[in-house]
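Residues per chain, in single letters:
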Amino acid sequence: SRQRLQFLWGSASLSRFPSASCPDLLMTTIDDGSRAVAACTGEGVSLEKLGYYFEQSETEVRITFRVTGTPIITACDFWDSGCKLRINIDGRHYFFDVRAFSNSINPSASRSVVHVKRQKVVVVVVKREPSIEWKQLRA
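Residues numbered from 1 in each chain as written. Predicted model: local features only at pLDDT ≥ 70, side-chain atom pairs only at ≥ 80, totals over all residues. Heavy atoms only, no water.

Draft legend 1. Looking closely at the packing of aromatic side chains. In the structure shown here, the tally under the stated rule is four aromatic pairs. Seen in terms of ring centroids, Phe 65 and Phe 96 are 4.9 Å apart; in terms of plane orientation they differ by 65 degrees. Their pairing is edge-to-face. Taken as a pair, Phe 65 in strand β6 (residues 60–66) and Phe 96 in strand β9 (residues 92–98) lie far apart in primary sequence, 31 residues in all. Residue Phe 65 is classed as buried on the basis of its relative accessible area, which comes to 0%. (Phe/Tyr/Trp six-rings, centres within 6.5 Å; stacked < 30°, edge-to-face > 60°. Helix = DSSP H or I, 4+ residues; strand = E, 2+ residues; numbered from the N terminus. Buried < 20%, exposed > 50% of the residue type's maximum accessible area, 1.4 Å probe, protein only.)

Put into structure tokens, the structure is as follows:
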């Protein structure tokens, strides 16, 4: 059987392809309009679009995002080589992901901070090897 789903700016076609192992397998074809709608309703807007800068000392790297509104950090996870930050600003979702920093970090000592009066969010990444200068943020 063939089904059709309508989206606000386009449509997606669902086709059923029965197989022995999975009789209800769906194959989806999405047009450009539907893809644009999905891109806007996903996990949010990249904080990189708002702009950021990073500065460093011998022991840490600070990544600073200037924001307008009241930021609330909903998630901030660190691992040996990267981080994932999720914030909400006045009901809108934003994210910042680094899969691999240019150098290793100490995830247990790293943290995120909100400065409401200054309207900024700061991610403080503690370097695994102090005094090594990072030439770039990402590997």
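Draft legend 2. Region of the structure containing the sheet that holds strand β10 (residues 111–115). Spatially, four strands are ordered β5-β6-β11-β10 in an open sheet, and the strand pairing comes out antiparallel. A single partner strand is all that each edge strand has here, and the edge strands are β5 (52–56) and β10. Direction aside, the axes of adjacent strands within the sheet are offset by 20 degrees on average. Direction of pairing for β10 relative to strand β11 (residues 120–126): antiparallel, over a ladder of five bridges. The residue of β11 that forms the bridge with Ser 112 is Val 123. (Pairing = 2+ DSSP bridges. Axes fitted to C-alpha atoms, helices over the stretch in contact; angles between N-to-C directions.)

Draft legend 3. Representation of the pairing of β5 in the model. Of the pairings in the sheet, the one linking β5 to β6 comprises five bridges and is antiparallel in character. Looking across to β6, one finds that Glu 55 is bridged to Arg 62.

Draft legend 4. Focus on the state of the cysteines. One pass over the structure, following the stated rule, counts zero disulfides. Cys 83 provides the cysteine sulfur closest to Cys 76, a residue in no disulfide bond, and the two sulfurs are 5.9 Å apart. (Disulfide = S-S within 2.5 Å.)

Draft legend 5. Local environment of the nonpolar core. Judged by nonpolar contacts, the single largest core of 21 residues is most densely connected at Ile 63, Leu 85, Phe 96, Phe 101, Val 123 and Val 125. When contributions to this core are tallied by element, the ones reaching two or more residues are β6, β8 (82–89), β9 and β11. Residue contributions to this core peak at four residues, all from β8. Setting aside residues up to four positions removed in sequence, Leu 85 forms contacts with Leu 47, Phe 65, Ile 73, Ala 75, Cys 76, Tyr 94, Phe 95, Phe 96, Asp 97, Ser 112, Val 121 and Val 123. (Core = buried A, V, L, I, M, F, W, Y, C linked by side-chain atoms within 4.5 Å. Contact = heavy atoms within 4.5 Å.)

Draft legend 6. Region of the structure containing the environment of Ile 87. The residue Ile 87 is located in strand β8 in this model. When its relative accessible area of 1% is taken as the criterion, Ile 87 is described as buried. Separated by 12 residues in sequence, Ile 87 and Ala 75 place their C-alpha atoms 6.9 Å apart. Sequence-distant contacts of Ile 87, defined by excluding residues within four places in its chain, comprise Leu 47, Ile 72, Ile 73, Thr 74, Arg 92, His 93, Tyr 94 and Val 121.

Draft legend 7. Representation of the sheet that holds strand β4 (residues 45–46). Ordered in space as β4-β9-β8-β7, the four strands form an open sheet in which the pairing is mixed. What marks the edges here is a single partner per strand, and that holds for β4 and β7 (71–79). Strand direction decides the pairing type here: β7 and β8, joined by eight bridges, are antiparallel. Across the sheet, Phe 78 pairs through a bridge with Cys 83, a residue of β8.

Draft legend 8. Up close: the confidence of the model for the protein. This prediction gives the protein a mean pLDDT of 79; 69% of its residues lie at or above 70. No element of the protein has a lower mean pLDDT than strand β1 (residues 2–6), which averages 37, and none a higher one than β11, which averages 96. In this model residues 1–19 is a low-confidence stretch, pLDDT under 50, and it forms 41 contacts with partners more than four residues away in sequence or in other chains. (pLDDT = per-residue confidence, 0-100.)

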